[in-house]
Amino acid sequence: MGLAVGLFVWYEWFGGRELINYQQVVVLKQNLNRGEEVKPDNLMYLMVEKQNVISGAITDPNQIVGKDVKNFVPGKDQLVNEFFDRADLVLHKGEYVAQIPSEWTLAFPDSMRRGDNIAIYAVNSGSDLMNSLSKKIVAHSNTSKNKATDNNSNTQNTTIDSESLNIDTSNLNKILEVKVAYVKDSTNHEVVTVGSGDRLNGSGDIHSVEIITTTDKFEKIEQQINSGAKLIMMYTDAGKGE
């Protein structure tokens, strides 16, 4: 009887109820708008009934401190990682994510990943460089098809690795420098580095590239494509992203 009384007291007045039925999650103290940075002072813990805790709820504030809010997030609501991103990858006013169609592109780095800084160059139609690269792409495509046949798989790669071309960029028309939002394979899944080694060890072959841009910037690309040019993407002097 004494044990039963002790358990009742512990459950009702010394935290037993919360320990058994509730889970501690991280929430915002107040609303945050898109682009605002999450600071330690913005966060607090909230006890939520375990049956009401959402999948992927943030329980460790270190997961999101220093990141920016991707869209408006209300205070006191449960949080998930998808609400936040690196500061340099959160869209600001006037920005959007645009895909560079594969048919516009001649070459890009095979090691390119989300968050990288790249320069986009235009290669004029009929130029010696365009003709040279076109021949290399045909040879590369044929080699890829042969490998695909040997492996009983399909490939649709129509570009080559710009890092292997040793192109003199001083002779190219640089359109703009942008941040890579995503690189995706032919199944529309993001290409990521597998393991902690070489970036070339990716989860798939890059099929499409998505960039963070504005209407004015993207129009510069479209103007070049409309004139018959093709694109080459290369890392900027800032190098690869982390």
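Source: prediction; values computed, not measured.

S.K.: Would you mind going over helix H4 (residues 215–226) with me for this structure?
M.R.: Every α-helix carries 3.6 residues per turn, so stepping three or four residues along brings you back to the same face. With twelve residues, H4 should cover 16 Å at 1.5 Å per step; its first-to-last C-alpha distance of 16 Å lies within 8% of that length. Inspection of H4 places Phe218, Ile221, Gln224 and Ile225 among the buried residues, and these make up the whole buried set. Projected onto a plane normal to the axis of H4, the buried residues spread over an arc of 115 degrees and lie on a single side. Relative to its buried face, H4 has exposed residues pointing more than 90 degrees away, namely Asp216, Gln223 and Asn226. Looking at the buried residues of H4, the elements they touch are strand E5 (95–100), strand E7 (117–123), strand E9 (173–184), strand E10 (208–214) and strand E11 (230–235). Once H4 finishes, Gly228 follows within two positions and takes phi at roughly 100 degrees, a positive value.

S.K.: Please clarify how the side chain of Asp116 should be interpreted in this entry.
M.R.: Within the fold, Asp116 resides in the loop between strand E6 (105–108) and E7. The exposure class of Asp116 is buried, given its relative accessible area of 0%. Separated by 2.8 Å, the side chain of Asp116 and the backbone nitrogen of Arg113 make a polar contact.

S.K.: Would you take a moment to explain the pairing of E11 for this structure?
M.R.: Residues in a regular strand project their side chains so that they alternate between the two faces of the sheet. Of all six residues in E11, five are buried, a share of seventy percent or more. Bridge analysis of E6 against E11 gives two bridges, and the strand direction is parallel. Each bridged residue has a counterpart across the sheet, and for Ala107 the counterpart in E11 is Ile232. Relative to E11, E7 is paired through six bridges, and the arrangement is antiparallel. Each bridged residue has a counterpart across the sheet, and for Ile118 the counterpart in E11 is Tyr235.

The rules we used
- Residues numbered from 1 in each chain as written.
- Predicted model: local features only at pLDDT ≥ 70, side-chain atom pairs only at ≥ 80, totals over all residues.
- Heavy atoms only, no water.
- Helix = DSSP H or I, 4+ residues; strand = E, 2+ residues; numbered from the N terminus.
- Expected span 1.5 Å × (residues − 1).
- Buried < 20%, exposed > 50% of the residue type's maximum accessible area, 1.4 Å probe, protein only.
- Arc of directions from axis to C-beta.
- Contact = heavy atoms within 4.5 Å.
- Polar contact = N/O pair within 3.5 Å; in protein donor to acceptor, adjacent residues only side chain to side chain.
- Pairing = 2+ DSSP bridges.

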